[in-house]
Every structure is written in C-alpha cells, then in structure tokens.
Amino acid sequence: MTKPDTTDEATPDSTLRRLRNRTIAVLFIGFVFLTSFFFFFFAAGIWMVTRPFDRRLRLLHRYTSHWAALYLWLFPPWSVTVHGREKIDPDATYVIVSNHQSLVDILVLFLLFRHFKWVSKAELFHIPLIGWNMWLNRYVRLVRGNSKSIRHMYDACEQHLVEGSSILMFPEGTRSPTGRMRDFKEGAFLLAQRKAVPILPLVINGSKNALPKSSLNFHGNTHIELEVLDPIPPEAFTEESIDDLRLRIRELIRERVWEEQEAQSASRGTPRNTDELR
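Residues numbered from 1 in each chain as written. Predicted model: local features only at pLDDT ≥ 70, side-chain atom pairs only at ≥ 80, totals over all residues. Heavy atoms only, no water.

A. The pattern of salt bridges, seen in detail. Summed over all chains, the structure comprises 11 salt bridges. The shortest N-O distance in the salt bridge between Glu-163 and Arg-138 comes to 3.5 Å. Pair noted here: Glu-163 is in helix H5 (residues 147-163) and Arg-138 is in the loop between helix H4 (130-136) and strand E4 (140-142), with a separation of 25 residues, a long-range link. Among the residues examined, Arg-138 registers a relative accessible area of 30% and is labelled partly exposed. (Salt bridge = Lys/Arg side-chain N within 4 Å of Asp/Glu carboxyl O. Helix = DSSP H or I, 4+ residues; strand = E, 2+ residues; numbered from the N terminus. Buried < 20%, exposed > 50% of the residue type's maximum accessible area, 1.4 Å probe, protein only.)

This is the structure:
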C-alpha cells in the first residue's frame, strides 16, 4: 500500500488551508445550532397542532425534511443529486435500507421527501433541539449492544409499520471509515419478512468525502449521489432465509458503491468508470 504524501503538511499554504477548513466547519456547525432554535419551536408548534389528527406525524416529518434539506441547499460546497425518487410510492410502506458513510447521510436521505421513521443511535436523541425534534417525530431510539433496547426497537418498528410508516435503517450499524461496506445486520430484513412489506434499497456515494467518520472538519467541495433502487416486493423473499436475503440486498448495494467499484477495479488492474452509476 502506498504511503500518503505528507511533505506539504507544514507549509504555509497547507496551514492556511487547514485553518480555513476548520473555520468553515465551525461556522457551519454554529449556523446549524443557531438556526435550530428557530426551527425547533416551529416543529414543536406543528407537533402540538397536528398530533390529534396526524397520528403518524407526516406533516412534522415533512417539515423536518425541509429543515434538513435547507442545510444542504445553503452550503454550496456540498451538492447532492437524487436518482430514482420516482420509484418510491408515497402511499406504500417500506423497510428502507442504505449503506452508511457519514453523518451527512441522514441529511441526504431527508431529500427523498418521503415519510419514514429513522432508527438512530440513542446518543443523537440527546443533542439539544435536533434530538428533541427526533423525539417529537417518534423516530426510533437504539442503544447499541443493549438487548432490552434492541427488543424495544423491534417493537417500535413493527408498530410503525403496522400504522403505515416506513422504517429507515442502516444495516451496517455504524459508519464506514473507508466507504467500503461492512457486513449487514439482520434486523431490517427480519422486520420486512415478519410484516410482509417491501424492501427499498438505497445507495449513497460521496458523503464520506464531505464528513468522514471521526471528523467534524470541512474537507472541500463534495458531490454526493443518492440512488433509489427498485423496491423488492415481499413475495420475492417470503421463503428466503434471512441470511440469504441480507447478503442479497447487501450485494445489490455494494456493487454500486464507488469505493467498492474502485477496489474491484484495482484488483483487476482496470480503472473505475464513474459514468456507470449515472
């Protein structure tokens, strides 16, 4: 493996670049939290007014989607293209699964502008304002590695599916630091099979470059792509083992992930054709 070139680490240009990137990151994070005061109080108002007749909180989720999208729209260095949104039936209920590269992923997924309940690690619910809005939306809280929390997560997801709300899960369980995919856990596929709902696979590319794991720094201009694959109806996996289903869906997504294509091309000694995805 080739060692990265670090010869310019101490040069004035590189120091200024790092300072600029850190300043941009601080300003962006500050902007997010300052505006969250404003947006959260509107969210709380929507929750109080609509909850009696909107039990699934569809209006609040729609508002939250625009809240999240605003940060992408107002941050020019990050551009996002969504492919295949028309494949999603807004009246259908899905178990939605996606690869996971970055904290930016959930902002990108809100650009679907479709109703879902997001399964998230418990720590995010404790973030002031943003986490409180997650509670209001009845998104699903999960303490990783806690068996009691996992049981509650399954119960909450099944109830949401029964009520007609789609569930969004990252089957890898955590972000990939390299962009290459981790193994899929079985939870999403158990839910889809138990409740006989379609699986909707999604592919995210480029978000790792915007905000890599273990980093809150700015990393320059980044283009992110979200691709919606064809939904898989429940009759296509009713008799399939959970393990086979998990591996099949993972492969559908994996073959479209840029880092996986690059690794495969490198093993063959051929460059990846980026136009294949577009």
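Now that the structure is up, let's keep going.
B. Up close: the sheet that holds strand E2 (residues 95-98). Read across the open sheet, the 7 strands follow the order E1-E7-E6-E2-E5-E3-E4; overall the sheet is mixed. Looking along the sheet, the strands with just one partner apiece sit at the ends: strand E1 (78-83) and E4. Within this sheet the neighbouring strands show an average axis-to-axis angle of 20°, counted without direction. Two elements, strand E3 (residues 116-121) and strand E5 (residues 166-169), share 3 bridges in a ladder whose sense is parallel. Looking across to E5, one finds that Trp-118 is bridged to Leu-168. (Pairing = 2+ DSSP bridges. Axes fitted to C-alpha atoms, helices over the stretch in contact; angles between N-to-C directions.)

C. Helix H2 (residues 58-73), seen in detail. Taking 1.5 Å of rise per residue, the 16 residues of H2 would be expected to cover 22 Å, and the 22 Å separating its terminal C-alpha atoms lies within 8% of that figure. For H2, the full list of buried residues reads Leu-60, His-61, Tyr-63, Thr-64, Ser-65, Trp-67, Ala-68, Ala-69, Tyr-71 and Leu-72. Those residues of H2 that are buried are in contact with helix H1 (12-50), E1, helix H3 (104-110), E3 and H4. (Expected span 1.5 Å × (residues − 1). Contact = heavy atoms within 4.5 Å.)

D. How the structure looks around the nonpolar core. Formed by 47 residues in total, the largest nonpolar core has its most connected members in Trp-78, Val-104, Leu-109, Trp-118 and Leu-202. At the level of secondary structure, the elements contributing two or more residues to this core comprise H1, H2, H3, E3, H4, strand E6 (199-205) and strand E7 (222-228). Those residues in contact with Val-104 that lie beyond four places of it in its chain are Leu-72, Trp-78, Ala-210, Leu-211 and Ile-224. The next biggest cluster of nonpolar side chains, apart from the first, holds 29 residues, and it includes Val-119, Phe-184, Ile-242 and Val-257. (Core = buried A, V, L, I, M, F, W, Y, C linked by side-chain atoms within 4.5 Å.)

E. Inspection of the packing of aromatic side chains at higher detail. Taken as a whole, this structure holds 17 aromatic pairs when the rule is applied. With 4.4 Å between their ring centres and 35° between their planes, Phe-28 and Phe-75 make a pair best called tilted. Of this pair, Phe-28 sits in helix H1 while Phe-75 is found in the loop between H2 and E1, placing the two residues 47 residues apart along the sequence. Phe-75 shares its class with Phe-28; the two are buried. Between Phe-184 and Phe-189, the ring centres sit 6.1 Å apart and the planes meet at 20°, which makes this aromatic pair stacked. In this structure, Phe-184 and Phe-189 share a single accessibility class: buried. Put simply, the rings of Phe-31, Phe-38, Phe-39, Phe-42, Tyr-63, Trp-67 and Tyr-71 touch in pairs and so form one group of aromatic residues. The ring of Tyr-154 carries the charged tip of Arg-194 above its face, separated from the ring centre by 5.4 Å. (Phe/Tyr/Trp six-rings, centres within 6.5 Å; stacked < 30°, edge-to-face > 60°. Lys NZ or Arg CZ within 6 Å of the ring centre and 35° of its normal.)

F. Broad picture of H1. Between its first and last C-alpha, H1 extends 55 Å over 39 residues, near the 57 Å set by a 1.5 Å rise per residue. Largest kink in H1: about 35°, centred on Ser-36. Among the residues making up H1, those that are buried are Ser-14, Asn-21, Ala-25, Phe-28, Val-32, Thr-35, Ser-36, Phe-39, Phe-40, Ala-43, Ala-44 and Thr-50. Contact partners of the buried residues in H1: H2, E1 and H4. (Bend = angle between axes of the 7 residues up to and from the residue.)

G. Spatial organisation of the packing of H5 against helix H6 (residues 187-195). Close contact between H5 and H6 brings their axes to 11 Å; oriented N to C, the two are set at 40°. With respect to their mutual orientation, H5 and H6 come out oblique. With respect to the hand of their crossing, H5 and H6 are arranged in right-handed fashion. On H6, the residues that touch Tyr-154, Cys-157, Glu-158, Leu-161 and Val-162 of H5 are Gly-187, Leu-190, Leu-191, Arg-194 and Lys-195. (Parallel < 35°, antiparallel > 145°, perpendicular 65-115°, else oblique. Left-handed = near helix turned anticlockwise from the far one by under 90°.)

H. Summary view of the side chain of His-61. Note on placement: His-61 falls in helix H2. Ignoring any residue separated from it by four or fewer positions in sequence, one finds His-61 in contact with Phe-110, Arg-114, His-115, Phe-116, Asn-137 and Tyr-139.

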